[in-house]
Amino acid sequence: SKSLCIVSWKDKAVSPDQFSEATHSGEFHAESVAQVFVRRRASDGARYGFHLNPRDKNWEIKLDGVPTAKTRVLVRVPSAGAPSAGDTLRLEIRGRTLRGFHKGKEVIAATDESEDRLSAGGAPGMAFFHPGKDFPARIFASWKGGPLPEPAK
């Protein structure tokens, strides 16, 4: 069996330009889906998420948290290696552009130009599925998120 856990920042007044960053714990399981997300909409849970798909070993940025028929993968790229304990995942969004980072290096980027894009603030956070009986498991050792600083001029 697998279990879902979602943790989201409580402040609703988050800028639309935001980030979510988490570091994997020593209990991270290779078959877990560990996702950082931004702009989670309170009304229906829709969010932009970044994770490694454990089935095909691809990085993905997707519109998630909605019924399967409305879920959209914005971009998928092969991974050079799976995350492990101590690795950091980070997702940033500025305007319509999302950028995903693994261990501080950008590994994926996408721009959502669709009509159903998430354009308002919403909350950053993290979500994970964990296979097995040991739940809750400590998938992430730490998390931080919030508004992105203004770009340097």
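This one's a predicted model, so the numbers in the text were calculated from it and none came from an experiment. (Residues numbered from 1 in each chain as written. Predicted model: local features only at pLDDT ≥ 70, side-chain atom pairs only at ≥ 80, totals over all residues. Heavy atoms only, no water.)

## Points about the environment of Arg117
Within the secondary structure, Arg117 sits in the loop between β9 (105-111) and β10 (123-131). Considering only alpha carbons, one finds Arg117 and Arg96, 21 residues apart in sequence, at a separation of 8.2 Å. Not counting residues within four places of it along the chain, the set of residues in contact with Arg117 comprises Tyr48, Arg72, Arg96 and Asp112. Reaching out from Arg117, the side chain makes a polar contact with the backbone oxygen of Glu113 at a distance of 3.5 Å. (Helix = DSSP H or I, 4+ residues; strand = E, 2+ residues; numbered from the N terminus. Contact = heavy atoms within 4.5 Å. Polar contact = N/O pair within 3.5 Å; in protein donor to acceptor, adjacent residues only side chain to side chain.)

## A few points about the environment of Gly65
The residue Gly65 is located in the loop between β5 (58-64) and β6 (72-78) in this model. The class for Gly65 is partly exposed, based on a relative accessible area of 28%. In this structure, Gly65 is in contact with Asp44, Gly45, Ala46 and Arg47, ignoring residues within four places of it in sequence. (Buried < 20%, exposed > 50% of the residue type's maximum accessible area, 1.4 Å probe, protein only.)

## Regarding the pattern of salt bridges
A side chain with one charge can pair with a side chain of the opposite charge if their charged atoms come near. For the coordinates displayed, the defined rule picks out 13 salt bridges. Across the pair Glu21 and Lys144 runs a salt bridge whose closest N-O atoms are separated by 3.7 Å. On the criterion of sequence distance, the pair formed by Glu21 in strand β2 (residues 18-24) and Lys144 in strand β11 (residues 140-147) is long-range, its members being 123 residues apart. Residue classification places Glu21 among the buried positions, given a relative accessible area of 16%. Arg90 serves as the salt-bridge partner of Glu92, at 2.7 Å between the closest nitrogen and oxygen. The exposure class assigned to Glu92 is buried, which follows from its relative accessible area of 14%. (Salt bridge = Lys/Arg side-chain N within 4 Å of Asp/Glu carboxyl O.)

## Points about the sheet that holds β11
Reading across the sheet, the five strands line up as β9-β8-β7-β2-β11 and stay open at both edges, with antiparallel pairing between neighbours. Bordering the open sheet on either side are β9 and β11, each of which pairs with just one other strand. Going from strand to strand, the sheet's axes swing by 10° on average, the running direction of each strand aside. Where strand β7 (residues 88-94) and strand β8 (residues 97-102) come together, six bridges link them in antiparallel fashion. Residue pairing in the sheet places Glu92 in a bridge with Arg99 of β8. (Pairing = 2+ DSSP bridges. Axes fitted to C-alpha atoms, helices over the stretch in contact; angles between N-to-C directions.)

## Brief notes about the packing of aromatic side chains
Any aromatic ring pair is given by two values, namely how distant the centres are and how the planes are angled relative to each other. According to the stated counting rule, one finds two aromatic pairs in the structure shown. Centroid distance Phe128 to Phe140: 6.3 Å. Interplanar angle 75°. Geometry classified as edge-to-face. Of this pair, Phe128 sits in strand β10 while Phe140 sits in strand β11, placing them twelve residues apart in sequence. Using a relative accessible area of 7% as the deciding quantity, one classes Phe128 as buried. Over the face of the ring belonging to Phe37 we find Arg47, whose NZ or CZ atom lies 5.3 Å from the ring centre. (Phe/Tyr/Trp six-rings, centres within 6.5 Å; stacked < 30°, edge-to-face > 60°. Lys NZ or Arg CZ within 6 Å of the ring centre and 35° of its normal.)

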